[in-house]
Amino acid sequence: MSYQIRNAESYLQVLTGIDAQKIQELEEKVEFLLEQIESYKLELCYKNYELQEIKQELSYTNQELCAAVISTKQLTINEAMELAKKLLASDKPTEDVLVELLTAIYSSW
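As the structure is a computational prediction, the values presented were derived from the model and not from experiment.

**A look at the pattern of salt bridges**
Right, so step 1: Enumeration over the complete set of coordinates arrives at four salt bridges.
Right, so step 2: K41 is the salt-bridge partner of E38, the closest N and O atoms lying 3.7 Å from each other. Of this pair, E38 and K41 both sit in helix α1 (residues 8-71), three residues apart, which is roughly one turn of the helix.
Right, so step 3: Judged by its relative accessible area of 45%, E38 is partly exposed.

Encoded structure:
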């Protein structure tokens, strides 16, 4: 059994109309997706810029912390013993002397 199209020209017009409509829809979708890609690229560039700023800020903070740690003078055992002698020779109560001595030792670490 064979199938024949009565009006081949109108059948082709319907098919090409559907194809043209689908093509138009696909072109619109592609255009929309390309716009989204560009938008995401811009957002990514901005986020990368923010990341670089944060990295720079962290680097400066790290440098400042390193400088602060290096500049902190550590109390040697001899210096701690001298401080203890001076504090014990003073007329301060023993509790105050211990607080001062321990504060000096632990704050230098």
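**Here's the deal with a negative patch on the surface**
Right, so step 1: Taken together, E25, E27, E28, E31 and E35 make up a surface patch of like negative charges.
Right, so step 2: Relative to the helices and strands, E27 resides in helix α1.
Right, so step 3: With relative accessibility at 47%, the residue E27 sits in the partly exposed group.

**Details of a nonpolar patch on the surface**
Right, so step 1: Together, V30, L34 and I37 line one region of the surface with nonpolar side chains, adding up to about 260 Å² of accessible area.
Right, so step 2: Note that V30 resides in helix α1.
Right, so step 3: For V30, a relative accessible area of 46% puts it in the partly exposed group.

**Some words on the packing of helix α2 (residues 77-89) against helix α3 (residues 94-107)**
Right, so step 1: For the pair α2 and α3, the least separation of the axes is 10 Å and the interaxial angle reads 160°. Taken together, the axis directions place α2 and α3 in an arrangement best described as roughly antiparallel. For the pair α2 and α3, the sense of crossing is right-handed. Side by side, α2 and α3 meet where A80, L83, A84, L87 and L88 of the first sit next to V97, E100, L101, A104 and I105 of the second.
Right, so step 2: Each residue belonging to the contact of α2 with α3 can be placed in one class, and the counts come to nine nonpolar, no polar and one charged.

Criteria and thresholds
Residues numbered from 1 in each chain as written. Predicted model: local features only at pLDDT ≥ 70, side-chain atom pairs only at ≥ 80, totals over all residues. Heavy atoms only, no water. Salt bridge = Lys/Arg side-chain N within 4 Å of Asp/Glu carboxyl O. Helix = DSSP H or I, 4+ residues; strand = E, 2+ residues; numbered from the N terminus. Buried < 20%, exposed > 50% of the residue type's maximum accessible area, 1.4 Å probe, protein only. Patch = residues over 30% accessible without salt bridge, like charges linked within 9 Å, V, L, I, M, F, W, Y side chains within 5 Å. Areas by Shrake-Rupley, 256 points an atom, 1.4 Å probe, with all protein chains shown as cover. Lys, Arg positive; Asp, Glu negative; His and termini not counted. Charge placed at Lys NZ, Arg CZ, Asp CG, Glu CD. Axes fitted to C-alpha atoms, helices over the stretch in contact; angles between N-to-C directions. Parallel < 35°, antiparallel > 145°, perpendicular 65-115°, else oblique. Left-handed = near helix turned anticlockwise from the far one by under 90°. Contact = heavy atoms within 4.5 Å. Nonpolar A, V, L, I, M, F, W, Y, C, P; charged D, E, K, R; others polar.

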